[in-house]
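# Residue-level structure breakdown
So the chains spell out like this:
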Amino acid sequence: ISEIDFQDSIHVLGFSDELNKLLLQLYLDNRKEIRSILNELAPKLPSYHNLEWRLDVQLASRSLRQQIKPVVTIKLHLNQNEDQTAQVLQTDPSTLLHLIQQLEQALGEMKTNHCRRIVRNMK
């Protein structure tokens, strides 16, 4: 990151100006080494490839003639190091709706200034 971005990042921590200047100088002296270490420590996470889903509804059974039991089955295809894997997940619709709400809340958090600053500094 640039000097200005680094100063913005450490300014919010509330250190004294002298300590901020010392941290900046230390960062500038070791920038390449810090970047190489962070690249080595970065997790190799799988990436999204495809998604298949199916809705199954059980309307009745021998013991209960009138029941509604919906189940959502999701098959998530992922790529990791040029290998494709598939994960099969099953859930009920209410849990799926809760998961969607949590993911939408996380996406909303990414729009805050604090998260934008962090993401900008990670690039």
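Residues numbered from 1 in each chain as written. Predicted model: local features only at pLDDT ≥ 70, side-chain atom pairs only at ≥ 80, totals over all residues. Heavy atoms only, no water.

## Quick look at the packing of aromatic side chains
- Across all of its chains, the model carries 1 aromatic pair by this definition.
- With 4.4 Å between their ring centres and 5 degrees between their planes, Phe6 and Tyr27 make a pair best called stacked. With Phe6 in helix 1 (residues 3-11) and Tyr27 in helix 2 (residues 17-29), this pair connects stretches of sequence that are 21 residues apart.
- The exposure class assigned to Tyr27 is buried, which follows from its relative accessible area of 10%. (Phe/Tyr/Trp six-rings, centres within 6.5 Å; stacked < 30°, edge-to-face > 60°. Helix = DSSP H or I, 4+ residues; strand = E, 2+ residues; numbered from the N terminus. Buried < 20%, exposed > 50% of the residue type's maximum accessible area, 1.4 Å probe, protein only.)

## Topic: the packing of helix 1 against helix 2
- It is at 10 Å that the axes of helix 1 and helix 2 come closest, and there the two elements cross at 135 degrees. By the angle class used here, helix 1 and helix 2 are oblique. Regarding helix 1 and helix 2, the two cross each other, and that crossing is right-handed. Within the contact between the two elements, helix 1 uses Glu3, Phe6, Gln7, Ile10 and His11 and helix 2 uses Asn20, Leu23, Leu24, Tyr27 and Leu28. (Axes fitted to C-alpha atoms, helices over the stretch in contact; angles between N-to-C directions. Parallel < 35°, antiparallel > 145°, perpendicular 65-115°, else oblique. Left-handed = near helix turned anticlockwise from the far one by under 90°. Contact = heavy atoms within 4.5 Å.)

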